[in-house]
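Observations on the three-dimensional arrangement
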Amino acid sequence: MAVLPVVKYPDPLLHEKSKNIEDINDEIKELVSDMAETMYAVEGVGLAAVQIGKLLNLFVIDPVYAGGTEKDPVLVFINPKIIKKEGFIKEEEGCLSLPGVFISLKRSVRTVVRALDLEGNEFEMEGKGLLSKAFQHEFDHLHGTLIIDKVGKLKRKIAMRKLETD
Ligand SMILES: [Zn+2]
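This text gives an overview of the structure that appears in the document.

A look at the overall build of the protein chain
Along the protein chain, the regular secondary structure elements total 3 helices and 7 strands. Along the protein chain, from the amino end to the carboxyl end, the secondary structure elements read α-β-β-β-β-β-β-β-α-α. Relative to a compact globule of 166 residues, whose C-alpha radius of gyration would be 15 Å, the protein chain shows 15 Å and is just as compact. Taken along the three principal axes of its C-alpha coordinates, the protein chain extends 45 × 35 × 30 Å. Split into buried and exposed, the 166 residues of the protein chain put 29% on the buried side.

Here we look at the sheet that holds strand E2 (residues 58-61)
Taken in spatial order, the 5 strands make up an open sheet running E1-E2-E3-E6-E7, and their pairing is antiparallel. Of all the strands in the sheet, just strand E1 (46-48) and strand E7 (122-128) have a single pairing partner and so form its edges. Strand after strand, the sheet turns through a mean of 40 degrees between neighbouring axes, direction not considered. In the sheet, E1 pairs with E2 via 3 bridges, with the strands oriented antiparallel. Bridge pairing links glycine 46 to isoleucine 61 in E2.

As for the environment of glutamate 43
Among the secondary structure elements, glutamate 43 is positioned in the loop between helix H1 (26-41) and E1. By C-beta crowding, glutamate 43 is classed as exposed, having 8 other C-beta atoms within 10 Å. Glutamate 43 sits 53 residues away from leucine 96 along the chain, and the two C-alpha atoms are 9.1 Å apart.

Description of the environment of methionine 39
Note that methionine 39 resides in helix H1. Classification of methionine 39 by C-beta neighbours within 10 Å gives buried; the count is 24. It is 12 Å that separates the C-alpha atoms of methionine 39 and glutamate 138, two residues lying 99 residues apart in sequence. Apart from residues lying up to four places away in sequence, methionine 39 is in contact with Gly44, Gly46, Leu47, Val60 and Asp62.

Describing the nonpolar core
With 24 residues, the main nonpolar core has Met35, Phe59, Val60 and Phe77 as its most contacted residues. Those elements that provide at least two residues to this core are H1, E1, E2, strand E3 (75-86), strand E6 (110-116) and helix H2 (130-142). Residue contributions to this core peak at 5 residues, all from H2. In contact with phenylalanine 77, other than residues within four places in its own chain, are Leu58, Phe59, Val113 and Ala115.

Structural notes on the pairing of E2
Covered by surrounding structure in E2 are Leu58 and Val60 together with Phe59 and Ile61, the residues of both alternating faces. One ladder, built from 4 bridges, connects E2 with E3; its direction is antiparallel. Across the sheet, residue phenylalanine 59 finds its bridge partner in E3, namely phenylalanine 77.

Concerning H2
Spanning 13 residues, H2 covers 19 Å between terminal C-alpha atoms, matching the ideal 18 Å at 1.5 Å per step. Most of H2 sits inside the fold, with 11 of its 13 residues counted as buried. If you check which residues of H2 are buried, you get Leu131, Ser132, Lys133, Ala134, Phe135, Gln136, His137, Glu138, Phe139, His141 and Leu142. With its phi angle positive at about 75 degrees, glycine 144 sits one or two positions after the end of H2.

Some remarks on the pairing of E7
In this structure, E6 lies alongside E7, joined through 7 bridges in antiparallel fashion. Paired with leucine 116 across the bridge in E7 is glutamate 122. Hairpin geometry of E6 and E7 is characterised by an intervening segment of 5 residues between the two adjacent antiparallel strands and by a positive phi of about 85 degrees at glycine 120.

About the cut-offs
- Residues numbered from 1 in each chain as written.
- Predicted model: local features only at pLDDT ≥ 70, side-chain atom pairs only at ≥ 80, totals over all residues.
- Helix = DSSP H or I, 4+ residues; strand = E, 2+ residues; numbered from the N terminus.
- Rg over C-alpha atoms; globule rule 2.2 N^0.38 Å.
- Buried ≥ 20, exposed ≤ 12 C-beta atoms within 10 Å, placed from the backbone.
- Pairing = 2+ DSSP bridges.
- Axes fitted to C-alpha atoms, helices over the stretch in contact; angles between N-to-C directions.
- Contact = placed C-beta atoms within 7 Å.
- Core = buried A, V, L, I, M, F, W, Y, C linked by C-beta atoms within 7 Å.
- Expected span 1.5 Å × (residues − 1).

This is the structure in structure tokens:
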């Protein structure tokens, strides 16, 4: 396992579309453990594969945000689809790939995701509130969409002034 550098804006990779995973092999399993370790190291709610440079339809979520504890295994979503969206919530959102930038976004308050787990079994999970927002945020990453792509030019310009570059 290894903590990997998070791909930051303006890396063009962040605007690429990810591809489905055909075979959940050892390479994918190692990628998932690296993603989990990276997510915990930077204290993110979730992390998409593209954020560590892999254009694969895969994201992980910290189980603490899904009613679990720190001892639970990381939540893994392979080839995820959002199959249900309900209601609206508008709150500030940040992104590990855009450090310092926060944008108020309208999201569905309840979301159901269908995905494969590491054993290749299909499952569905319902997310409410923060978890629902995390599902939509990570799902956007797999389609090459960042939070700044979801608002108008002016809002984006104001938000981007806060971008921390290193
Ligand atoms: Zn993000």
